[in-house]
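An overview of the molecular structure
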Amino acid sequence: MADGPARRREALRAELAEQHLDAVVVAGAANIRYLTGFTGSAAHLVVSAGRTVLVTDFRYAGQAPAEVGREVDVRIERSSLWNGLRQSIGALGIRRLGIDRSRVTLAAWEEFRQVTAVELVPVSGLVERLRVTKDPEEIEAIRDAARLAGEALASVVDFIRPGRTELEVAAELEAALRRRGSEWHPFQSIVAAGPRSALPHARSSERPIGVGEFLVVDFGAQVRGYCSDITRTFVVGARADQRQRDTYGVVREAQTRARGALRAGLTGREGDSLAREVIARAGMGEAFGHSLGHGLGLEVHEDPRLSQTSETPLPAGAVVTVEPGVYFDGWGGVRIEDDLVLVDGGAECLSDGRTDLVELT
Ligand code: ZN
Ligand code: ZN
């Protein structure tokens, strides 16, 4: 049986035939890794009906052939990757060439147009659409990344107490992630306390955590290239007060409902509504200003989206986050995020799903 990347290239070729393209230029490290297994950061890829050519530079002369296997031709380019790509395309006798409009720069496009005799056809999302439905080995990698993240957080909760700064907690958590085998941080870890917990994308700061404050921790791990993305909200140094308890309870109920009812076949909007309705009923609709979740894979934000603007049905095998949150300027915020794989008739939680309110007293 063909391995994952070979299978995915066949699926891409079927798409090329459908769109009457002789080949496509694939850009973006995640797309290239998905189609070849190459883990380097600098490369371009051409996939035609019969050939796959990876153009990269001398830093990867040893690594690239070992990672991509014999079906992919590796071209080591010493001047510019675009130059190598142009020559590869010339050698393949391509007439209609798809170029990813969202990943190729205008400068590269113009360079191509000048020197190649091929017809350039702007395409978008060819590979990203294939990536939505995960195969079992991808789901296992995300499951491992989610488990690792949960264990890393559990190992540092004793470190979290009033007086520690957000950055100190972030450093402890990130070290724990790396020690357990996380290849990298999929995004800048968010550790935000007190009023800063009301900033959905806060950067961790030197501000010390105060007694009785909410602490939002949003972070992930990366395993075999695949990301997890988890958020937990704690109360630090005291028991939660009534407003904290009520607010947390609403977000938790919204998240529980979405986790329980999300399934393949719903649209992204219907998925988002599962949580949004609960929050709106509690009178906090205005405070839930972002969408419910996003796809997760080689990148931390990918398709599909669980949002009010997505009418696309969610396929079985998609991995998504479920992360309702409410934010009150000057007071604080709560977000709870887990990672789920969609199956027919339901969804399976890949992260630990521990969403009880935890008071770190
Ligand atoms: Zn997150
Ligand atoms: Zn997320």
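Structural notes, computed from the coordinates. Per chain, residue numbering runs from 1 following the sequence as it is written. The lettering of chains begins at A and the numbering of ligands begins at 1, in the order of writing. Under the rules for a predicted model, residues below a pLDDT of 70 receive no local features and side-chain atom pairs below 80 are neither given nor counted, while totals for whole chains, interfaces and linings still include all residues. Hydrogens and waters are ignored; side-chain quantities use all the structure's heavy atoms.

1. Some remarks on the coordination of the zinc ion (ligand 2)
Just so we agree on the cut-off: Sites may look incomplete, because water is not among the atoms used; the donor set itself consists of N, O and S atoms within 2.8 Å of the metal (3.2 Å for Na, K and Ca). Between 85 and 135 degrees for all angles marks four donors as tetrahedral; over 155 degrees for opposite donors together with 65 to 115 for all other angles marks four donors as square planar and six as octahedral; every other arrangement is irregular.
Within the protein, the atoms that donate to the zinc ion (ligand 2) are Asp 229 (OD), His 294 (NE2), Glu 323 (OE) and Glu 337 (OE), at distances of 2.1 to 2.2 Å. Because the angles between the four donor atoms bound to the zinc ion (ligand 2) fall within 78 to 154°, the donor set is best described as irregular.

2. Regarding the coordination of the zinc ion (ligand 1)
Put simply, the rule reads: Relative accessibility under 20% of the residue-type maximum defines a buried residue, over 50% an exposed one, and the middle range a partly exposed one, all with a 1.4 Å probe and only protein chains included.
Surrounding the zinc ion (ligand 1) are the protein donor atoms Asp 218 (OD), Asp 218 (OD), Asp 229 (OD) and Glu 337 (OE), at 2.0 to 2.6 Å. Classification of the site at the zinc ion (ligand 1) rests on its four donor atoms, whose angles at the metal span 54 to 148°, yielding the label irregular. Accessibility expressed as a relative area gives 3% for Asp 229, which makes it buried.

3. Some remarks on the nonpolar core
This is how it is decided: We call a set of buried residues a nonpolar core when its members are Ala, Val, Leu, Ile, Met, Phe, Trp, Tyr or Cys and they connect through side-chain atoms within 4.5 Å of each other. Annotation comment: domain bounds sourced from an automatic or database domain assignment. Contacts are residue-level and defined by heavy atoms, with any inter-residue pair within 4.5 Å sufficient.
Of all hydrophobic cores here, the largest spans 55 residues; its most connected members are Leu 12, Val 26, Leu 54, Ile 89, Leu 97 and Phe 112. Split by domain, the residues of this core number at least three in each of domain 1 (4-131) and domain 2 (136-360). Apart from residues no more than four positions distant in its own chain, Leu 54 is found in contact with Ile 32, Phe 38, Ala 43, His 44, Leu 45, Ala 64, Val 68, Val 72, Asp 73, Val 74 and Arg 75. By size, the runner-up hydrophobic cluster in this structure holds 30 residues, among which are Ala 240, Val 250, Val 278 and Ala 287.

4. Notes on the packing of aromatic side chains
Counted only if it meets this: The pairing test for Phe, Tyr and Trp rings, Trp by its six-membered ring, is centres within 6.5 Å, and the orientation test on the planes gives stacked under 30 degrees, edge-to-face over 60, and tilted for anything in between. Only runs of H or I of at least four residues qualify as helices and only runs of E of at least two qualify as strands under DSSP, and these elements are numbered from the N terminus. A positively charged side chain is recorded as over a ring if its NZ (Lys) or CZ (Arg) lies within 6 Å of the ring centre. The angle to the ring normal must also be within 35 degrees.
Counted by the stated rule, this structure contains three aromatic pairs. Ring centres of Phe 214 and Trp 331 lie 5.7 Å apart, and the angle between their planes is 85°; on these two criteria the pair is classed as edge-to-face. On the criterion of sequence distance, the pair formed by Phe 214 in strand E8 (residues 213-219) and Trp 331 in the loop between strand E15 (325-328) and strand E16 (332-335) is long-range, its members being 117 residues apart. A residue is classified by how much of its surface remains accessible, and Phe 214, at 3% relative accessible area, is buried. Pairing Phe 328 with Trp 331 gives two aromatic rings, centres 6.0 Å apart and planes at 70°, and the pair type is edge-to-face. Three or more aromatic residues joined by ring pairs form one cluster here, namely Phe 214, Phe 328 and Trp 331. Against the face of Phe 328 rests Arg 243, its NZ or CZ located 5.3 Å from the ring centre. Taking NZ or CZ as reference, Arg 243 lies 3.8 Å from the ring centre of Trp 331, over its face.

5. Describing the sheet that holds strand E11 (residues 230-236)
Put simply, the test is: When DSSP locates at least two bridges between a pair of strands, those strands are taken to pair. Axis lines are fitted to C-alpha atoms, over the contacting stretch for helices. Their N-to-C directions set the angle, which ranges from 0 to 180 degrees.
Strand order across the open sheet formed by four strands is E7-E8-E11-E19, with mixed pairing between neighbours. Looking at strand neighbours, the two that pair on one side only are strand E7 (190-193) and strand E19 (358-360), the edges of this open sheet. The average undirected angle you get between the axes of adjacent strands in this sheet is 25°. Both E8 and E11 contribute to a ladder of seven bridges, which runs antiparallel. Bridging from a neighbouring strand, Phe 214 pairs with Val 235 of E11. The sheet contacts of helix H7 (residues 136-156) involve E8 and E11, and relative to E11 the element is tilted by about 15°. Contacts between helix H8 (residues 166-179) and the sheet are confined to E7 and E8, with E7 contributing the most and set at about 150° to the helix.

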